[in-house]
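Descriptive structure summary
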Amino acid sequence: MPTILGIESTCDETGAAVVIDGRTVKSNVVATQVELHAKYRGVVPEIASRAHIENILPVIEESLEKAACGFADVDAIAVAHRPGLVGSLLVGVTSAKTLAWSLGKPLIAVDHVHAHLYSVLLDSAVSPQLPAVGMVCSGGHTALYDVRAWDEVELIGSTIDDAVGEAYDKVAAILGLGYPGGPIIDKLAALGDPNAVQFPRTYLSRESLDFSFSGLKTAVLYHVRGVPGRGESGATLTEQHLRDVCASFQAACVDVLVKKLRRALAATGGRSVIIGGGVSANRGLRAALATFDVPVYFPPLAYCTDNAAMTAGLADVHYRVGRFASLDLDAVTYSAFAK
Ligand code: KG4
Ligand code: ZN
């Protein structure tokens, strides 16, 4: 039963976790930087990497403490080395390499997007039927995958502009709500009418598995502020109208995600659906997929947003086949599955 220490620093969360057997999460510590970035309504890379440097060692120590183990009990050190912000990634990669070298333990390199899919297995006994269609929807990614095995994943569609979580964050900024926008819009949407405003659904060409959310974001902007050059003043946002805009925006996002999942299932013959990433916490998406054509697997809420448990979990797959990284491992800003 391998015990793996995972490290996550791809974006704006510093994480460390101890996972046994790829399933049992003994600890999962996340130092969030949300407050540091909130006033900019988005992640500022330089601020993120500095905060990672401050947080990484205390977070690793706390993860071992919470798991009631020491470095000697750990079989391997895993790190998400791609994709992400390069300054952020370097902090995790350097820490993991230093630990692996000084402790004489194997180093395992994990793809962060791939790990988001693996998160459905954490603290759970489920075994999704493969091949599956994977969908990672987060602040940085909206992508579909043909998952033939946990280490055999092919990208089959991705966003051509904004990621869906990014659209949530930008729409929240337009509406004067806080950051990150997803959880706030999700909450307000539950109180609004999803049919109040007919926002556009962008499906691209008939068979396309790619996504586009920038038109939807602009439609919300024009609805609220008026179309430029037309002398409109835009909508008056009463409390109820704000809720209706959130519900209608969420309905448009969910419709697109669900339709693309259906297309991907038809294209790949997938037998189940695996969802990961911050937007997989969305209540509207979970409700829409509660009854679906094939079984749908969501991660436990604690593992939807960035965390190191999913890194340590997926590393178990690599550990079992002896797929170790060398000490010249580098940070890579793009995913292994980029087109
Ligand atoms: O996976 P994640 O922590 O970071 C990235 O790798 O990007 O995802 C963060 C994103 C943010 O854009 C946030 O607004 C969105 O996930 N998010 C949500 C919800 N919770 C977080 N979006 C919609 N509904 C939610 N409940
Ligand atoms: Zn992520």
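Scroll up for the structure.
Residues numbered from 1 in each chain as written. Chains lettered and ligands numbered in written order. Predicted model: local features only at pLDDT ≥ 70, side-chain atom pairs only at ≥ 80, totals over all residues. Heavy atoms only, no water.

Our focus in this paragraph is the side chain of Asn 282. Positionally, Asn 282 belongs in the loop between strand S9 (272–276) and helix H9 (283–288). On the basis of relative accessible area, Asn 282 is assigned to the buried category, the value being 5%. At a separation of 3.5 Å, a polar atom in the side chain of Asn 282 contacts the side chain of Asp 186. Of note is the side chain of Asn 282, whose polar atom sits 3.0 Å from the side chain of Gln 250. Those residues in contact with Asn 282 that sit more than four places away from it in its chain are Tyr 168, Asp 186, Gln 250 and Val 254. (Helix = DSSP H or I, 4+ residues; strand = E, 2+ residues; numbered from the N terminus. Buried < 20%, exposed > 50% of the residue type's maximum accessible area, 1.4 Å probe, protein only. Polar contact = N/O pair within 3.5 Å; in protein donor to acceptor, adjacent residues only side chain to side chain. Contact = heavy atoms within 4.5 Å.)

For the rest of this paragraph, the subject is the environment of Gly 192. For Gly 192, the position within the fold is in the loop between helix H6 (181–189) and helix H7 (214–225). For Gly 192 and Leu 242, which are 50 residues apart along the polypeptide, the C-alpha to C-alpha distance reads 7.9 Å. Not counting chain neighbours up to four residues away, the residues in contact with Gly 192 comprise Gln 240, Arg 243, Asp 244 and Ala 247.

As a packed pair, H7 and helix H8 (residues 239–268) sit with axes 11 Å apart at the nearest point and diverge in direction by 165°. In terms of orientation, H7 lies roughly antiparallel with respect to H8. Crossing handedness for the pair H7 and H8: right-handed. The residues of H8 that touch H7, namely those facing Leu 216, Val 220 and His 223, are His 241, Val 245, Phe 249, Ala 252 and Cys 253. (Axes fitted to C-alpha atoms, helices over the stretch in contact; angles between N-to-C directions. Parallel < 35°, antiparallel > 145°, perpendicular 65-115°, else oblique. Left-handed = near helix turned anticlockwise from the far one by under 90°.)

Every protein donor of the zinc ion (ligand 2) is accounted for by His 112 (NE2), His 116 (NE2) and Asp 306 (OD), and the metal-donor separations fall at 2.1 to 2.2 Å. Metal-centred angles of 92 to 141° between the four donor atoms at the zinc ion (ligand 2) mark the site as irregular. Here the donor residues of the zinc ion (ligand 2) are spaced in sequence according to H-x3-H-x189-D. Taken together, the positions of His 112 and His 116, both in helix H4 (residues 112–118) and four residues apart, correspond to about one turn of that helix. Judged on exposure class, the residue His 112 and its partner His 116 are both buried. (Donors = N, O, S within 2.8 Å, 3.2 Å for Na, K, Ca; no water. Tetrahedral: all angles 85-135°; square planar, octahedral: opposite > 155°, others 65-115°.)

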